[in-house]
Amino acid sequence: MSFALDGVGLTHANGFTALSDITLRANKGERIALIGPSGAGKTSLLSVLGTALAPTAGVAEILDFGQNLRLTAGLKALRPRIGTIHQAPPIPGRQRVVTAVLAGKLGQWPAWKSLASLLYPLDVAGARATLERLDLADKLFARCDQLSGGQLQRVGIARVLYQQAELILADEPVSALDPALALATARQLAADAEARGATLVASLHAVDLALNCFPRIVGIKAGRIAFDLPAGEVSEALLHDLYASEGQTLPTLANEPRFTTLAAANDPATRAACC
Amino acid sequence: MLLNPAPPRDPAARGRLSGALLALVILWPLFRAAEFKPGALFDSSNLKVIGHFLAGFLPPERGAEFLAYLGKATLETLAIATAGLALACVIAVPLGYLATAAGREQPTLNPLTRSLLTVLRGIPELVWALLFVRIFGLGPAAGVLALGLTYGGMLAKVYAEILESVDPAPAHALRRSGAGRLLAILYGLLPQASKELASYTVYRWECAIRASVVMGFVGAGGLGQLMDQAMKMLNGGEAASILLTFMLLVFAADGVSGWLRRALDTPPAARASPFGWRSISFLLVLPSAVIASFHWLEIDFGELFTAGAAHSIGEFVAGFFPPDLSSDWLARVGLGIWETLAISVVGTLLAAVAGLLLALPKWRAPFSFLLNTLRSVPELVWATITALAVGLGPFAGALALALHTTGVLGRLYAEALDNAPAAPGHALRLAGAPAGLSFLYGTLPGAAPQLIAYTLYRWEMNIRMAAILGFVGAGGLGQLLYFELSLFHHAQASTVIIAMLILSIAVDQTSAWLRQRLR
Amino acid sequence: MTLSATRRLALKGALACAFASAFASSALAADAVLRVSAIPDEAPTELQRKFAPLGKYLEAQTGMKVVFTPVSDYAAVVESLATKKIDLAWLGGFTFVQAKIRTNGTAIPIVQRAEDAVFTSRFITADPTIKALSDLKGKTFAFGAPSSTSGSLMPRFFLQQAGLNPEKDFKNVAFSGAHDATVAFVAAGKAEAGVLNASVWDKLVEQKKVDTDKVHVFATTPPYFDYNWTVRGDLDPALVKKLTDAFLKLDPANPEHKEILGLQRAAKFIPTKKENYEGIEKAAHSAGLLK
């Protein structure tokens, strides 16, 4: 088992309830897409899984670790095993790409190595290999403030790939990429998780991408789980119901069914190509 | 698929290595010149001496006669600072307007104004004060004028830079639609910059209060003169009373500054007039404070423009030409330059390290207090204490600079770190990185340009202060200047002043270049 | 019509009166003030205290208001005398020479204390191993103000004659700025040795402001001319005469005068002349303090 949430609720200090009664389990190696309208609670759910926020109700067990206990020593051991891809890449503009990627291992490296790496990057080969998979090897020594938004987002992904986490949490990981690149990048992410047997949970705004790349889809609405189904079983009616508040069109990659349609999403060939 | 070629070497490594070596090659002799010997701090006889002196701080002197002096000196200091800053503003606003590239279609810098500003800033207050003693005789007028000129130069430079740093688009749009440059700045840039301009001006006023200590040296009165005497006589009780008064003043100035910032942040009330009670009371208090200051100090500006005054200035200035350029003297001045540079560099570096360490802790209260205390004690006072702690010489000067600058930088660093984006560090913490490393990898790079800029700006100020510290025995150019001026060796003093000017210009240039490089 | 004309006239008259009186009072004030200062060889507050009874006495003798301006810089007194900002100043031997040069020889020394004709400086230390001037090599040393006669110039001159060059032979040279500050420097260990005017040293010893078990005198200079009261050259000769007489009239037998003399640390005042200070001028040249 990778994680188990049992009746988890999250109420912020200001009284706003972001999550209520979430029960969700995932086995090791599963790949799950979280979909739902903006403000539904996808990011909050990822924050609970990423140990950024402690649930205010229920029990969360993450990588066999009872996270509700908030044991600092335990958290310290747990956190390097979780990799989070943030929607806005949290990377200082003046940092070089290579350093930003290597920072993924800060939780695992001994302190001397991390410190020395600030002076001279100690694993240039590893950083470059990771960047290559995201088609960014040429930016290895560039400074992050010289990158486009899409390139920077992929550096953020590279960092988590380099971290080799057992549980990868991705919050809108490809929102700044053009459709073709978004697909390729999502594929890379999924392939990496699959190859290493890591669990992947990604919140995605583009429904088509979710359906294409993830075997399991969890719909979130108003802080609750609306449905939890294999991709093949997610019907258009369910989706329209989920996104009722956002109008008639379903959110897709740039709202353009360019590389795939909903019908094609269930096509086995596409799905094979995807994941 | 191609095989992975060998991983490339870090192309920046060579540059970093040579940069580090270069820094070492430059810094090592500087530290030597500053007689950097931290061991002296823990020398038992030194500890005894300083302990004895500090023990004398308690109880602070409370005699009625002394308190009367103190009260008068406090008012005088306030008046000097206020009048000096008012004069500085009168000088700075037009000069800043002329010097700034803001609101110009072509970003041409006005070289004439800029070099005038450099001269105004580059010559320490003290030298100006000595010049004005000729015209106004003994008393605070010389101090006011000296502050006015030096701070006028500083304010004008900073005003110009602040106006350049805000978004130029509104002003450009206004100019394109036919507005003149002044109006374009008033309508397009001032609303963005006003808060920073105002708070910098108030900050400078705070500095002016501290600068009055320097003025005390030429008989300009105020708390500075009193402090100078108490410290020279090593009268701990008096020094403690004066210091306490001083800190109260500085904290009060801080409070006023904070109040003004908040006032500037308050959104305007929903009515046609943008002026509320705060603006009105401020507009009433400010001119009356300035007028009261000039009145209290009994300054007669008419005297500045009489033929007699012009004659004595002319004569005085003529005495400085030609400067003594004999090789013997140049060698001594050169040594003084080197020592002054060493004091400023070592002082600033020590302060940067200590300031950063003090800026880091999350629980701010005790550290803010410590930083404010360090900051509110002027360098010259620190120099007296450090001279006891490590003996006379450049290291005492460097330490004194470091102590005061730590207070300034620590506070600025803490603000910069607070304002630096929190997300990168937070994300690293989530990925399991220890707090220290998350800071180094996540937070510090975001704040670094600002930290570096602050440090370098401070260095520019410290080079001027280092030149003055010699007056209390820290060596360097200051000691040479004090000695030669006392003996009316104006040709030699002239060389020293020129050296100070060149040194401060060189430091300004180096600092600007470093800021550019390290951005 | 008539009324308003009269009124206008009255108003004019009043204004004229006001102007006239303003001028008169300012002219009077300018004439009736004797501005005095002194080189700050001791703490300015101390100088002010010492001067107060003398000031009152001079007020009574000259019929002028006497204003004392404390200064913390020697050169400022010389400058002020040269620019006529002050009328009468208490100068050291060397500051007098400086003032003489800066006023093109017009400054006039009027009186000096009997003691000033045979003045000395004392070298002090808290270090028992320093027993003679030659032991000062490699030590930190505190002078008074750079332009002090007894705290800088004459000691430097005599050091030079003893074969010592302060800039080369001492580890560090400091200028404490004043004689009592020099004692504080040495007592606190800020400087290993120092030199000051004998008169201030004796006073501090008398007042027990210095611990003589710790700080002791290890050398004394030969005598030389020092302090005097100097007036600027263009002061009304009648006033100069009045001032000179006032000083010379001070009589230790008179208790009131005795207080003044006591504070000035003078047995009595004696006339003095420029020529008395030629020796100092020569010493200053040879010590390199005058160019």
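Within any chain, residue numbers begin from 1 and follow the written order of that chain's sequence. As they are written, the chains are lettered A onward and the ligands numbered 1 onward, keeping that order. Given that this is a predicted model, residues contribute local features only at a pLDDT of at least 70 and side-chain atom pairs are listed and counted only at 80 or more, while totals for whole chains, interfaces and linings are drawn from all residues. Excluded from the side-chain calculations are hydrogens and water; all other atoms, namely the structure's heavy atoms, are used.

Here's the deal with the interface of chain C and chain B
The cut-off we apply is this: Residues count as neighbours in contact if any of their non-hydrogen atoms are within 4.5 Å of one another. A 1.4 Å probe defines the accessible area here, and the buried area is the portion of it lost by two parts on being joined, summed over both. In what follows, salt bridge is the name for a side-chain nitrogen of Lys or Arg lying within 4 Å of a carboxyl oxygen of Asp or Glu. Pairs of N or O atoms within 3.5 Å make up the polar contacts considered here, provided that, within protein, one atom can donate a hydrogen while the other can accept it, and that residues adjacent in sequence are counted only when both atoms are side-chain atoms. Comment: elements are numbered from the N terminus, with helices defined as DSSP H or I runs of at least four residues and strands as E runs of at least two. Here the nonpolar group is Ala, Val, Leu, Ile, Met, Phe, Trp, Tyr, Cys and Pro; Asp, Glu, Lys and Arg are the charged ones; every other residue, Gly included, is treated as polar.
With 41 residues of chain C at the contact, the number on the chain B side is 36 residues. Between chain C and chain B, roughly 3300 Å² of surface is buried when both sides are summed, and carbon and sulfur atoms account for 63% of that area. The interface formed by chain C and chain B contains 0 salt bridges. Our enumeration of links across chain C and chain B arrives at 2 residue pairs in polar contact (both at pLDDT 80 or more). Looking at the side of chain C that touches chain B, the elements that each hand over two or more residues are α2 (44–62), α3 (74–82), α4 (93–102), β7 (172–175) and α7 (179–188) of chain C. Partitioning the side of chain C that touches chain B into residue classes produces 19 nonpolar, 13 polar and 9 charged.

Remarks on helix α14 (residues 365–376) of chain B
Filter applied, for reference: Residue count minus one, scaled by 1.5 Å, sets the expected span of a helix. Each residue is placed in one exposure class: buried if its accessible area under a 1.4 Å probe, protein chains only, is under 20% of its type's maximum, exposed if it is over 50%, and partly exposed if it falls in between.
With 12 residues, α14(B) extends 16 Å between its outermost C-alpha atoms, agreeing within 8% with the 16 Å of an ideal straight helix rising 1.5 Å per residue. Residues B:Leu371, B:Asn372, B:Leu374, B:Arg375 and B:Ser376 constitute the buried set of α14(B).

Things to note about the nonpolar core
As a rule of thumb, soluble globular proteins bury nonpolar side chains together. Going by this rule: Remark: nonpolar core denotes a set of buried residues (Ala, Val, Leu, Ile, Met, Phe, Trp, Tyr, Cys) joined through side-chain atoms within 4.5 Å. For the purposes of this description, domain bounds are those given by an automatic or database domain assignment.
Within the largest apolar cluster, 213 residues are counted, with the highest numbers of intra-cluster contacts made by C:Leu88, C:Trp229 and C:Phe247. With 16 residues, helix α6 (residues 140–165) of chain B is the largest single contributor of residues to this core. Two domains each provide a minimum of three residues to this core, namely domain 1 (32–52 + 324–517) and domain 2 (62–264 + 278–318) of chain B. If near-sequence neighbours (up to four positions away) are discounted, C:Leu88 is found in contact with C:Leu34, C:Arg35, C:Val36, C:Ser37, C:Leu58, C:Ile110, C:Trp229, C:Thr230, C:Val231, C:Leu243 and C:Phe247. In terms of nonpolar packing, the next biggest core, distinct from the first, is built from 57 residues, A:Cys144, A:Val155, A:Leu211 and A:Cys213 among them.

Some words on the sheet that holds strand β4 (residues 108–113) of chain C
Residues and elements named next belong to chain C. We count it as follows: Think of it this way: DSSP has to see at least two bridges between two strands before they count as a pair. Convention adopted: a line fitted to C-alpha atoms gives each axis, helices being fitted over their contacting stretch, and angles between N-to-C directions are expressed from 0 to 180 degrees.
Strands sit in the order β2-β1-β3-β10-β4-β11 across an open sheet of 6 strands; the sheet is mixed. Lying at the two open borders of the sheet, with one neighbouring strand each, are β2 (65–69) and β11 (269–271). Strand-to-strand twist of the sheet, defined as the mean angle between neighbouring strand axes without regard to direction, takes the value 25 degrees. Relative to strand β3 (residues 88–91), strand β1 (residues 33–38) runs parallel, the two sharing 3 bridges. By the bridge assignment, Ser37 is partnered in β3 with Ala89. The sheet contacts of α3 involve β1, β3 and β10 (228–231), and relative to β3 the element is tilted by about 150 degrees.

A few points about the environment of C:Leu239
Residue and element names in this part refer to chain C. Looking at the element boundaries, Leu239 is found in helix α9 (residues 237–249). Of the residues examined, Leu239 reaches a relative accessible area of 11% and is grouped as buried. Spatially, the C-alpha atom of Leu239 lies 9.9 Å from that of Leu34, the residues being 205 residues apart in sequence. If we skip the residues at most four places from it in the chain, Leu239 touches Leu34, Thr62 and Met64.

Brief notes about the packing of aromatic side chains
Quick reminder of the rule: Side-chain rings of Phe, Tyr and Trp, where Trp is taken by its six-membered ring, are said to pair if the distance between their centres is within 6.5 Å; with planes under 30 degrees apart they count as stacked, over 60 as edge-to-face, and otherwise as tilted. Geometrically, a charge over a ring is one whose NZ (Lys) or CZ (Arg) sits within 6 Å of the ring centre while staying within 35 degrees of the ring normal.
Enumeration over the complete set of coordinates arrives at 20 aromatic pairs over all chains. For the ring pair C:Phe51 and C:Trp229, a centre distance of 6.3 Å and an interplane angle of 45 degrees mean the geometry is tilted. Of the two residues, C:Phe51 is situated in helix α2 and C:Trp229 in strand β10; the sequence distance between them amounts to 178 residues. The class of C:Phe51 is buried, set by a relative accessible area of 6%. Here the aromatic cluster, defined as three or more aromatic residues joined through ring pairs, consists of C:Phe51, C:Phe68, C:Trp90, C:Phe119, C:Phe157, C:Phe158, C:Tyr224, C:Tyr227, C:Trp229, C:Phe247 and C:Phe269. The ring centre of B:Tyr97 lies 4.4 Å from the NZ or CZ of B:Arg181, which sits over that ring.

Notes on the environment of A:Leu122
All names here are of chain A. Topologically, Leu122 is positioned in the loop between α4 (111–119) and α5 (124–133). Look at Leu122 and you get partly exposed, because its relative accessible area is 38%. Distance in space between the C-alpha atoms of Leu122 and Leu102 is 8.4 Å, their sequence separation being 20 residues. Setting aside its immediate chain neighbours within four residues, Leu122 contacts Leu102, Trp112, Lys113, Ala116 and Ser117.

As for the interface of chain B and chain A
Across the boundary between the two partners, chain B contributes 31 residues, which contact 34 residues of chain A. Broken down residue by residue, the surface that chain B buries against chain A is led by B:Asp10, B:Leu430 and B:Tyr441, which jointly contribute 27%. One can count 1 salt bridge joining chain B with chain A. Seen at the junction of chain B and chain A, the total is 6 residue pairs in polar contact (both at pLDDT 80 or more).

What to know about the confidence of the model for chain C
Residue and element names in this part refer to chain C. Heads up, the condition is: As a per-residue measure, pLDDT tells how confident the predictor is, with possible values from 0 to 100.
Scored by pLDDT, chain C comes out at a mean of 83, with 89% of its residues at no less than 70. Across residues 1–30, confidence stays below pLDDT 50; counting only partners more than four residues off in sequence or on other chains, it has 0 contacts. In the predicted assembly, ipTM is 0.82 and pTM is 0.77.

Remarks on the pattern of salt bridges
Residues and elements named next belong to chain C. All told, the structure shown has 26 salt bridges over all chains when counted by the stated rule. The closest approach of N and O atoms between Glu79 and Arg102, which form a salt bridge, is 3.6 Å. Placement of Glu79 in helix α3 and of Arg102 in helix α4 is noted, with a sequence separation of 23 residues between them. Among the residues examined, Arg102 registers a relative accessible area of 26% and is labelled partly exposed. For Asp87, the salt bridge goes to Arg232, with nearest N and O atoms at 2.8 Å. Of this pair, Asp87 sits in the loop between α3 and β3 while Arg232 is found in the loop between β10 and α9, placing the two residues 145 residues apart along the sequence.

Thoughts on unusual backbone geometry
In this structure, B:Pro322 follows B:Phe321 across a cis peptide bond, with omega equal to -5 degrees. When you line up the elements, B:Pro322 lands in the loop between α12 (307–318) and α13 (327–359). Although it is not a glycine, A:Gln164 sits at a positive phi angle of roughly 55 degrees. For A:Gln164, a relative accessible area of 43% corresponds to the partly exposed category.

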